[in-house]
Amino acid sequence: MTTEPSCFDPHRSSQQAAFFVARNYIDSLVGKRADGSFAPWLATQWSIAPDGLTYTFTLREDVAFHDGETFDAAAVKANYDFVKKPENAATAASLLENFTGAEVVAPHVVRFTLSRPDSTFLESVSNVKLGLISPKALAKGDLCGGGPALAGTGPFVFERYVRGQSATFVRNKAYAWAPGYAAHHGPAYLDRFTFRFLPEYAVRTGALTSGQVDVIEGVQATDVSLFADQPDFTLLVGPSGASTSFTFNINYTRWPADDVRVRRALRDGFDPEPIVRQVYLGHVPRAWSIIGPANPAYNKALVGAWGNDIAGANRLLDEAGWTTRDAEGFRTKDGRRLRIDVGYPQPYVRDNREILIQGIQAALRKNIGLDLNLRIVTAGEYAKGNATGTWAIYPNTDNPSDPARELWDMLGSKGFLYTNVPHPDPEITGLIDEALQATDPTRKRALTDRIQALGVEKAFIVPLFAPSWFLAAKKRVRGLSFEAGLDSPSSAYDVWLEGA
């Protein structure tokens with residue numbers, strides 16, 4: 001693995017790299033198929049009231065948590081109540097914005113009530129962030145450290161975590177409740193497996209080619225040829241930005257980006273295409289929308305509609321009064337340099353994304369005299385900036401969810417980024433709130449298309465590239481795949497070794 005999870009508890013984690021780890025020990029009420037439909041999992045069936053305010057789930061009766069606790073409606077209620085309570089500081093609470101409570105209708109029937117219709121709710125229920133943990137484990141407090149205390153119902157049991165080195169999992173021999181999209185049923189094939197945390201690209205590649213490990217993720221572009229179409233290896237490529245593209249999210253309320261002319265100049269002052277191609281050698285496409293091209297909600301009308309207008313970007317900055325230059329060639333106004341910080345939290349830096357930003361940084365300096373100041377910050381420093389609404393540019397891909405929920409997370413008034421930003425743009429936040437409630441698919445699609453376009457028009461976002469997960473494995477490793485609900489590698493449930 002490229003990135004070591006900073007927290008193994010899916011209720012509290014915000015790292016996409018942590019979620020495909022969690023999927024090995026955490027199940028959800030429903031699963032998401034590759035075509036976007038939903039499949040039974042811990043719930044065998046469900047119904048939605050005509051007014052969209054209640055969801056009733058019938059649960060399996062043969063499921064047990066890893067610590068021996070019974071899985072039932074009371075356990076589901078305990079999980080959702082836990083996530084909803086503000087004092088538990090669960091990041092998964094963002095998926096329960098309209099959730100008002102759970103009711104145990106029968107030992108294996110649970111009913112959820114919403115304050116208003118939520119077109120994203122079933123997708124949220126399928127998300128690993130709302131996966132089920134033993135109530136006994138929840139009562140223990142902080143589960144971020146993983147290990148046996150983090151008891152789910154998944155196909156593997158969390159055996160051991162060694163910080164900075166590895167996490168080990170053993171087969172749940174009782175497992176008999178795989179999701180409806182799984183390739184087999186019953187216990188997992190593997191007796192055990194270990195994630196090793198190797199952040200250096202060359203070290204991971206060397207570990208696979210020398211036989212020290214069986215699979216690596218985060219294959220860098222220069223190493224793709226070592227594994228693609230080779231007799232001893234298999235290269236797997238996941239969907240291209242099925243969730244969100246890697247994007248500059250610009251805090252449009254903070255100087256100097258509170259001027260739309262500055263934001264549009266940043267958006268148009270460089271050409272992403274050659275920079276993305278240089279860093280990723282043509283293995284990933286540049287992005288045109290915050291929603292990725294493999295997502296059915298992708299607004300194709302944005303392709304070619306913006307960006308790479310250097311002359312226009314310079315005119316905008318002249319109009320905005322940034323007409324003088326300092327000794328280093330950067331634009332200035334009233335004695336202040338045109339500088340915007342990019343705060344990139346260290347735990348999320350991966351896949352040469354910091355190198356991509358450095359390329360953009362150089363292009364903006366040369367083309368329009370804008371100082372894009374890349375700062376690799378600690379998780380604590382980023383959290384402080386987010387809590388005070390003082391972040392400037394946050395570069396990220398969002399965790400997979402319904403497209404309206406993803407747009408809400410990045411641009412909504414109470415989403416991940418703008419909760420603590422005063423006076424967010426009422427036009428885009430209003431459209432997002434409307435999309436969240438739109439149960440008619442045609443109306444919802446029209447809204448998400450408009451939101452994507454508006455985000456680019458007002459330069460609240462600058463999409464950069466549509467990432468894919470790259471896995472390389474020994475030829476004998478079979479059953480590797482990608483989970484639609486995660487937009488990342490699936491759990492090891494279907495994995496097996498040829499000849500074993």
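Residues numbered from 1 in each chain as written. Predicted model: local features only at pLDDT ≥ 70, side-chain atom pairs only at ≥ 80, totals over all residues. Heavy atoms only, no water.

Colleague: Help me understand the overall build of the protein, please; the structure alone is not making it clear to me.
Modeller: Along its length, the protein carries 14 helices and 24 strands. A globule of 500 residues ought to have a C-alpha radius of gyration of about 23 Å, and the protein, at 23 Å, matches this closely. Put simply, the protein has 500 residues, and 56% of those count as buried. Contacts in the protein between residues at least 24 apart in sequence constitute 68% of all its contacts with a sequence separation of at least 6. Approximately 19,400 Å² of the protein is accessible, and the part contributed by carbon and sulfur atoms is 51%. Computing the positive centroid from 52 side-chain charges and the negative centroid from 56, the protein places the two 3 Å apart. (Helix = DSSP H or I, 4+ residues; strand = E, 2+ residues; numbered from the N terminus. Rg over C-alpha atoms; globule rule 2.2 N^0.38 Å. Buried < 20%, exposed > 50% of the residue type's maximum accessible area, 1.4 Å probe, protein only. Contact = heavy atoms within 4.5 Å. Areas by Shrake-Rupley, 256 points an atom, 1.4 Å probe, with all protein chains shown as cover. Lys, Arg positive; Asp, Glu negative; His and termini not counted. Charge placed at Lys NZ, Arg CZ, Asp CG, Glu CD.)

Colleague: Just checking my understanding: could you explain the nonpolar core for this structure?
Modeller: For soluble globular proteins, the rule of thumb is that nonpolar side chains tend to be buried together. F248, L266, L356, I360, L372 and L464 are the most contacted members of the largest nonpolar core, which totals 80 residues. Look past the residues within four positions of L266 in its chain and what remains in contact with it is F248, I250, I340, L364, I368, L370, L372, I393 and V462. By size, the runner-up hydrophobic cluster in this structure holds 68 residues, among which are F19, I26, L114 and V128. (Core = buried A, V, L, I, M, F, W, Y, C linked by side-chain atoms within 4.5 Å.)

Colleague: Whenever I open this one, the sheet that holds strand β6 (residues 109-114) confuses me. Can you help?
Modeller: Where strands meet in a sheet, backbone hydrogen bonds hold them as pairs that are either parallel or antiparallel. One open sheet accounts for four strands, arranged β3-β4-β6-β5; its pairing is antiparallel. Each of the sheet's edge strands pairs with one partner strand only, and the pair in question is β3 (43-48) and β5 (99-106). The average angle at which neighbouring strand axes cross in this sheet is 20°, direction not considered. Where β3 meets strand β4 (residues 54-59), five bridges bridge the pair, whose relative direction is antiparallel. Residue pairing for β4: S47 is matched across the bridge by T56. Sheet strands touched by helix α2 (residues 73-84): β4, β5 and β6. Its angle to β5, the strand with the most contacts, is close to 170°. (Pairing = 2+ DSSP bridges. Axes fitted to C-alpha atoms, helices over the stretch in contact; angles between N-to-C directions.)

Colleague: Teacher, can you tell me more about the packing of helix α8 (residues 272-280) against helix α10 (residues 353-368) here?
Modeller: The description of two helices packed together rests on the angle between their axes and the distance between the axes. One can describe the packing of α8 onto α10 by two numbers: an axis separation of 10 Å at closest approach and a directional angle of 145°. Between α8 and α10 lies a crossing of right-handed hand. In contact with I275, V276, V279 and Y280 of α8, α10 contributes R353, I355, L356, G359, I360 and A363. Its residues placed into classes, the contact of α8 with α10 shows eight nonpolar, one polar and one charged. (Left-handed = near helix turned anticlockwise from the far one by under 90°. Nonpolar A, V, L, I, M, F, W, Y, C, P; charged D, E, K, R; others polar.)

Colleague: Explanation requested: the packing of aromatic side chains in the structure shown.
Modeller: How two aromatic rings sit relative to each other is given by the distance of their centres and the angle of their planes. Per the stated rule, a full pass over the model turns up 35 aromatic pairs. Note on W41 and Y181: the rings are 6.1 Å apart at their centroids and 75° apart in plane angle, and the pair reads as edge-to-face. Here W41, found in the loop between β2 (38-40) and β3, pairs with Y181, found in the loop between β8 (166-171) and β9 (192-196); they are 140 residues apart in sequence, far enough to count as distant. Chaining the aromatic ring pairs together yields one cluster made of F8, F20, Y25, F156, F158, Y161, F169, F193, F195, F197 and W469. Over the aromatic face of W288 sits the side chain of R286, whose NZ or CZ is 3.5 Å from the ring centroid. Directly above the aromatic system of W408 lies the positively charged group of R405, at a separation of 4.6 Å from the ring centroid. (Phe/Tyr/Trp six-rings, centres within 6.5 Å; stacked < 30°, edge-to-face > 60°. Lys NZ or Arg CZ within 6 Å of the ring centre and 35° of its normal.)

Colleague: Teacher, can you tell me more about the side chain of K129 here?
Modeller: Note on placement: K129 falls in the loop between α3 (121-126) and α4 (135-138). One buried charge, K129, has no salt-bridge partner; the nearest side chain with opposite charge is D409, at 5.0 Å. In this view, K129 contacts P10, H11, S13, F19, A92, L95 and N399; residues no more than four positions away in its chain are not counted. (Salt bridge = Lys/Arg side-chain N within 4 Å of Asp/Glu carboxyl O.)

Colleague: What am I meant to see in unusual backbone geometry here?
Modeller: Negative phi values dominate among residues other than glycine, just as trans dominates among peptide bonds. Cis peptide bonds are those with omega within 30 degrees of zero, and the linkage from W255 to P256 qualifies with 0°. Mapping P256 onto the fold places it in the loop between β12 (246-250) and α7 (260-268). Located in the positive-phi region is D334, a residue other than glycine, with phi close to 55°. When you line up the elements, D334 lands in the loop between β14 (331-333) and β15 (336-337). Accessibility expressed as a relative area gives 73% for D334, which makes it exposed. For N352, which is not a glycine, the phi torsion comes out positive at approximately 60°. In this fold, N352 is placed in the loop between β16 (339-345) and α10.

Colleague: Quick question: what am I supposed to make of the side chain of S28 here?
Modeller: Considering the arrangement of structural elements, one finds S28 in the loop between α1 (16-22) and β1 (30-32). A relative accessible area of 0% places S28 in the buried class. Beyond its immediate chain neighbours, meaning those up to four positions away, S28 contacts R23, W41, L42, V125, S126, N127, V128, G131 and L132.

Colleague: Explain the sheet that holds strand β20 (residues 470-474) here, please?
Modeller: Pairing is antiparallel across the open sheet formed by three strands, whose spatial order is β10-β20-β11. A single partner strand is all that each edge strand has here, and the edge strands are β10 (215-217) and β11 (233-237). Neighbouring strand axes in the sheet, compared pairwise and without regard to direction, differ in orientation by 15° on average. Of the strand pairs in this sheet, β11 and β20 are connected by five bridges, and their pairing is antiparallel. Its bridge partner being in β20, V237 is matched across the sheet by F470.

Colleague: Would you mind going over the state of the cysteines with me for this structure?
Modeller: Cysteine pairs can be covalently joined through their sulfur atoms, and such a bond is termed a disulfide. Applying the stated criterion across every chain, the model contains one disulfide. Between the sulfur atoms of C7 and its disulfide partner C144 the distance amounts to 2.0 Å. Classification of the bridge connecting C7 and C144 rests on its S-S torsion, roughly -75°, and on that basis the disulfide is left-handed. Pair noted here: C7 is in the segment before α1 and C144 is in the loop between α4 and β7 (156-162), with a separation of 137 residues, a long-range link. Accessibility classification places C7 together with C144 in one group, the buried group. (Disulfide = S-S within 2.5 Å.)

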